[in-house]
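Descriptive analysis of the structure
Here are the chains, one letter per residue:
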Amino acid sequence: MALTGIQIMKLLPKKNCKECGFPTCLAFAMKVAAGQVEIDKCPYVDPKVKEEISEATAPPIRTVVIGTPEASYKLGGETVLFRHEKKFENPPLIGTYLKTSMEDEEVLRRIKAYQTLKWERVGNVLKPEIVCIKDEGDKERFISLVKKVREVLPEVAIVLASSDLSLIKNAIEVCTPSVPLVYPGQAEDLSSFVSLATEKKVPLVVSAVTLGELARLVEGLITQGLKDLVLDSGALHPKELFEDLVIIRRAAVKKRFKPFGFPVITFMDRYTEDLVEEYLLASIYVAKYASIILLSDLKPELLFPLLLERFNLYSDPQKPLVVDEGIYPINGPDEYSPVVVTCNFALTYFIVSGEIEGSRVPCWLLIKDTDGLSVLTAWAAGKFNADNIAEFVKKTGIAEKIKHRTLMIPGYVAIIKGELEEELGGWEVVIGPREANGLPVALRELAKR
Ligand code: SF4
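Residues numbered from 1 in each chain as written. Predicted model: local features only at pLDDT ≥ 70, side-chain atom pairs only at ≥ 80, totals over all residues.

**What about the overall build of the chain?**
Let me state the cut-off plainly: The helix count covers DSSP runs of H or I at least four residues long, the strand count covers runs of E at least two residues long, and both are numbered beginning at the N terminus. Two residues qualify as a contact pair if the distance between their C-beta atoms, derived from the backbone, is within 7 Å.
Helix and strand content of the chain: 16 helices and 17 strands. Reported as C-alpha extents along the three principal axes, the dimensions of the chain are approximately 80 × 65 × 40 Å. For the chain, the share of sequence-separated contacts (at least 6 apart) that also reach a separation of at least 24 residues comes to 65%.

Listed below in structure tokens is the structure:
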């Protein structure tokens with residue numbers, strides 16, 4: 001049962017010492033209850049109470065961490081069924097396979113795909129993050145693939161897929177200090193894998209043919225003390241997988257059904273031999289509710305839309321994407337280059353900076369903090385008006401970097417030109433285009449002056 005802020009407050013030492021970073025124990029308790037702060041931040045809580053609170057405030061789906069020292073990834077940790085209720089926490093990891101039966105050439109092609117398939121979108125890098133190394137009977141090859149991935153793909157998390165216990169044991173050692181996910185498949189001796197996962201502190205995939213069987217299996221493993229599990233529902237049809245994923249999420253979030261409170265791994269090549277269909281199916285499970293999606297290959301034209309969908313679904317709907325306030329030099333500006341000001345809504349920044357870059361006109365772009373509001377909204381909210389733009393321009397120190405005193409403002413706020421010139425004193429304010437695609441022409445004109 002989840003604890004309320006008041007219930008947590010009663011369990012705290014009530015010193016109001018602020019060491020947790022909050023002004024009072026009550027303020028801290030409210031944040032812990034909301035799942036925004038870990039109880040560990042208070043150094044005075046009794047360890048037993050700490051465990052009790054951690055358990056009660058933990059998300060209904062356990063957060064399982066895998067990855068490398070260079071990049072760790074959280075799976076699960078979800079608290080809601082629908083994105084508009086709060087937000088989805090940890091995007092599903094997307095990747096493909098390296099199999100022991102693959103020729104060197106094919107392995108290298110796939111490794112190259114991981115190294116090159118990256119796209120930047122509003123300051124975030126979209127890329128595949130996980131690889132499943134699959135044993136098909138060649139032990140030496142399996143270990144050499146694990147070594148290769150560790151060496152050349154330091155930011156890629158690994159799934160070790162083999163039902164050979166000693167091989168998995170060796171591979172875990174090769175992975176160290178990375179934490180791989182172990183997938184024993186239909187291994188007969190699951191209990192030995194359970195002991196190995198416990199000893200090596202690595203998460204284990206548990207699979208079964210039906211959800212009932214899966215629940216019974218996981219229940220038993222929880223009783224044995226195994227905490228980091230990933231579920232494979234074993235569905236053999238995409239519709240069945242969709243239903244399983246929804247049932248698992250609903251049972252965990254709505255009923256707090258512990259055996260289903262874990263991330264879920266999915267394999268698109270289980271359902272079709274057509275790569276396009278695999279990606280179409282993956283787009284369903286990105287939304288509902290996979291934690292890992294493995295595809296039979298990575299193709300840029302199919303991968304990019306999938307990553308973009310994931311990025312959109314896992315952004316916080318209540319928080320606008322922002323960039324930092326400051327001066328952004330673009331195309332190597334000097335003291336005679338134009339100065340343009342706009343707001344810090346990430347989409348505005350990336351569109352404006354993209355147009356400036358494309359124009360090849362060296363330019364100083366001033367980004368003012370408007371709490372992520374776009375130009376017109378920020379102006380209407382009083383966050384992008386003559387007063388505060390003038391104050392911001394002075395604060396940036398841009399005047400010391402340039403020899404002219406001309407500032408371009410977005411066309412949508414042309415109305416503030418006179419007042420802004422007054423506030424800035426000695427500056428000429430030029431009205432820019434309403435839409436960013438008019439910037440190249442406007443900047444070239446301005447640069448000629
Ligand atoms: Fe209260 Fe602990 Fe925070 Fe001190 S550190 S204010 S005792 S919650």
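After that view, the rundown keeps rolling.
**Examining the site of the ligand**
Rules: We call a residue near a molecule or strand when the C-beta position, derived from backbone atoms, sits within 6 Å of it. Note on residue classes: Ala, Val, Leu, Ile, Met, Phe, Trp, Tyr, Cys and Pro are nonpolar, Asp, Glu, Lys and Arg are charged, and everything else, Gly too, is polar.
Around the ligand sit 13 residues in total, of which Lys-15, Cys-17, Cys-20, Cys-25 and Cys-42 are the nearest. Of the residues in the shell around the ligand, the class split is nine nonpolar, one polar and three charged.

**Considerations on the environment of Ser-195**
Short version of the rule: Here a residue counts as buried when 20 or more other C-beta atoms fall within 10 Å of its C-beta, as exposed when 12 or fewer do, and as partly exposed in between; the C-beta atoms come from the backbone.
Counting through the fold element by element, Ser-195 comes out in helix H7 (residues 190-200). For Ser-195, a count of 14 C-beta atoms within 10 Å translates into the label partly exposed. Taking the C-alpha atoms as reference, Ser-195 lies 58 Å from Lys-383; in sequence the two are 188 residues apart.

**Describing the domain arrangement of the chain**
This is how the line gets drawn: Domain delimitation in this document rests on an assignment produced automatically or drawn from a domain database.
Split by domain assignment, the chain resolves into domain 1 (5-57), domain 2 (63-313) and domain 3 (326-448). Averaged C-alpha coordinates put domain 1 and domain 3 at centres separated by 45 Å.

**Observations regarding the environment of Ile-409**
Within the element layout of this structure, Ile-409 appears in strand S16 (residues 406-409). Residue classification places Ile-409 among the buried residues on the basis of 22 C-beta atoms within 10 Å.

**Thoughts on the sheet that holds strand S14 (residues 339-343)**
The condition that has to hold: Pairing between strands is defined by DSSP: at least two bridges between the two strands are required. Axis lines are fitted to C-alpha atoms, over the contacting stretch for helices. Their N-to-C directions set the angle, which ranges from 0 to 180 degrees.
The five strands lie next to each other as S13-S15-S14-S16-S17, forming an open sheet whose pairing is mixed. Because the sheet does not close on itself, it has two edges, and the strands there are strand S13 (326-330) and strand S17 (428-431). Ignoring which end each strand starts from, the neighbouring axes of this sheet average 30° apart. Across five bridges, S14 lies against strand S15 (residues 363-368) in parallel orientation.

**Focus on the pairing of strand S1 (residues 63-67)**
By the bridge criterion, five bridges tie S1 to strand S2 (residues 72-76) in an arrangement that is antiparallel. Counterpart to Ile-66 in the pairing with S2 is Tyr-73. Turn length for the S1-S2 hairpin, with the two strands adjacent in sequence and antiparallel, is four residues.

**Looking at the pairing of S14**
To keep things clear, this is the line we draw: Seen with its strands pointing away from the viewer, a crossover is right-handed if its path from the first strand over the helix to the second goes clockwise.
Counting buried positions along S14 gives five out of five residues, so the element sits mostly inside the fold. Read as a crossover between parallel neighbours, the route from S14 over helix H12 (residues 346-359) to S15 is right-handed. Summarising the sheet, S14 and S16 pair through two bridges and their orientation is parallel. Directly across from Val-339, in S16, lies its bridge partner Leu-407.

**A few points about the nonpolar core**
The cut-off we apply is this: A set of buried residues qualifies as a nonpolar core if it consists of Ala, Val, Leu, Ile, Met, Phe, Trp, Tyr and Cys joined through C-beta atoms within 7 Å.
One finds Val-131, Ile-133, Ile-158, Val-182, Val-230 and Ile-293 to be the most contacted residues of the largest nonpolar core, which totals 72 residues. Residues in contact with Val-182, not counting those within four places in the same chain, are Leu-160, Ile-168, Phe-193, Ala-197, Val-202, Leu-204 and Val-205.

**Regarding the packing of helix H14 (residues 386-396) against helix H15 (residues 417-424)**
Using the following cut-off: The scheme is simple: roughly parallel for angles under 35 degrees, roughly antiparallel for over 145, roughly perpendicular for 65 to 115, oblique for anything else. In this scheme, a crossing is called left-handed if the near helix is turned counterclockwise away from the far one by less than a right angle; it is called right-handed if the turn is clockwise.
The interhelical angle for the contact between H14 and H15, taken along N-to-C directions, is 40°, at an axis separation of 9 Å. The orientation of H14 relative to H15 falls into the category oblique. In this structure, the crossing between H14 and H15 has a hand that is right-handed. Where H14 approaches H15, its residues Ala-386, Asp-387, Ile-389, Ala-390 and Val-393 are matched on the opposing element by Glu-419, Leu-420, Glu-423 and Leu-424. Partitioning the contact of H14 with H15 into residue classes produces six nonpolar, no polar and three charged.

**Considerations on unusual backbone geometry**
That bond from Thr-176 to Pro-177 is cis: its omega, 10°, falls within 30 degrees of zero. The residue Pro-177 is located in the loop between helix H6 (165-175) and strand S8 (181-183) in this model. Along the chain, Lys-288 connects to Tyr-289 via a cis peptide bond; the corresponding omega equals -25°. Within the secondary structure layout, Tyr-289 lies in the loop between helix H10 (275-287) and strand S12 (292-294). Even without being glycine, Lys-14 reaches a positive phi, approximately 55°.

**Details of the confidence of the model for the chain**
Should pLDDT be low for a region, the predicted coordinates there are not to be read in detail. The condition that has to hold: Confidence of the predictor in every single residue is expressed as pLDDT, which spans 0 to 100.
Residue-level pLDDT values for the chain average 94, and 100% of them are 70 or greater. Here the predicted complex carries an ipTM of 0.98, next to a pTM of 0.79.

**Overview of the environment of Leu-302**
If you trace the backbone, Leu-302 turns up in helix H11 (residues 300-313). Looking at Leu-302, the number of C-beta atoms within 10 Å reads 18, which means it is partly exposed. If we ignore the near neighbours within four places in the chain, the residues touching Leu-302 are Leu-275, Val-276 and Tyr-279.

**A short note on the packing of H6 against H7**
One way to put it is that H6 packs onto H7 with a least axis distance of 11 Å and a crossing angle of 15°. Considered as vectors, H6 and H7 are oriented roughly parallel to each other. Remark: the crossing between H6 and H7 carries right-handed chirality. Facing H6, whose interface residues are Leu-165, Ile-168, Lys-169 and Ile-172, H7 presents Ser-192, Phe-193, Leu-196 and Lys-200.

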